[in-house]
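Structure at a glance
Next come the chains, spelled out residue by residue.
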Amino acid sequence: MTHLNTLSPSTKAERRYLSELELANRWGISPKTLQRWRGCGKGPLFAKFSKKVGYPLDGQGGVLAWEQSVLY
């Protein structure tokens, strides 16, 4: 009997998050800019993990989706 519902690390349930510094480097902006955007409610969605901030890379509201939404 084969189990097709076996979870693996590459499943959609596992989300990849970028740190504030990783995202700032990706976009060539200051981490302070991301902090200011969070305070104003601008920029991509983020999650707080205690004192650390993470930005989901993919999925609805993630960094990749946000980058696509701001293209002209």
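1. What about the packing of aromatic side chains?
- Under the definition given, this model contains five aromatic pairs.
- Between the aromatic rings of Y17 and F49, the centroid separation amounts to 5.2 Å while the plane-to-plane angle is 85 degrees, which identifies the pairing as edge-to-face. Highlighted residues: Y17 in strand β1 (residues 17–19) and F49 in strand β2 (residues 47–49), separated in sequence by 32 residues.
- Its relative accessible area of 28% is what places Y17 among the partly exposed residues.
- Judged by relative accessible area, which is 44%, F49 ranks as partly exposed.
- Geometrically, the ring pair formed by F46 and Y55 is tilted, given 6.3 Å between the ring centres and 55 degrees between the ring planes.
- Taken together, the ring pairs in this structure connect W27, W37 and W66 into an aromatic cluster.
- Of note, R38 hangs over the ring of F46, and the distance from its end group to the ring centre comes to 5.6 Å.

2. Some words on the packing of helix α1 (residues 20–27) against helix α2 (residues 31–40)
- At a closest axis distance of 8 Å, the pairing of α1 and α2 adopts a crossing angle of 110 degrees. On the basis of the axis angle, α1 is roughly perpendicular to α2. Facing E20, L21, L23, A24 and W27 of α1, the residues of α2 in contact are P31, L34, Q35, W37 and R38.
- Considered class by class, the residues forming the contact of α1 with α2 number seven nonpolar, one polar and two charged.

Calculation notes
Starting afresh in each chain, residues are numbered from 1 along the sequence in its written order. Only residues with pLDDT of at least 70 get local features here, since the model is predicted, and only at 80 or more are side-chain atom pairs given and counted; chain-wide, interface and lining totals rely on the full set of residues. To get the side-chain values, all heavy atoms of the structure are used, and hydrogens and water are removed first. Stacked, edge-to-face and tilted labels apply to pairs of Phe, Tyr and Trp rings (six-membered ring for Trp) whose centres lie within 6.5 Å, assigned for plane angles under 30 degrees, over 60, and everything in between, in that order. Secondary structure elements are taken from DSSP: a helix is a run of H or I of four residues or more, a strand is a run of E of two residues or more, and numbering for both begins at the N terminus. Note on exposure labels: buried denotes an accessible area under 20% of the residue type's maximum, exposed denotes more than 50%, and partly exposed covers the range between, all computed with a 1.4 Å probe on protein chains only. In our convention, an over-ring charge means Lys NZ or Arg CZ found within 6 Å of a ring centre and within 35 degrees of that ring's normal. Here an angle of 0 to 180 degrees is reported between the N-to-C directions of two axes, which are lines fitted to C-alpha atoms, with helices fitted over the stretch in contact. Here is the rule for angles: anything less than 35 degrees is roughly parallel, anything more than 145 is roughly antiparallel, 65 through 115 is roughly perpendicular, and the remaining ranges are oblique. We call two residues contacting when some pair of their heavy atoms lies within 4.5 Å. Three classes are used, and their members are as follows: Ala, Val, Leu, Ile, Met, Phe, Trp, Tyr, Cys and Pro are nonpolar, Asp, Glu, Lys and Arg are charged, and the others, Gly among them, are polar.

So far we have only geometry, and geometry alone does not tell us how the molecule works.
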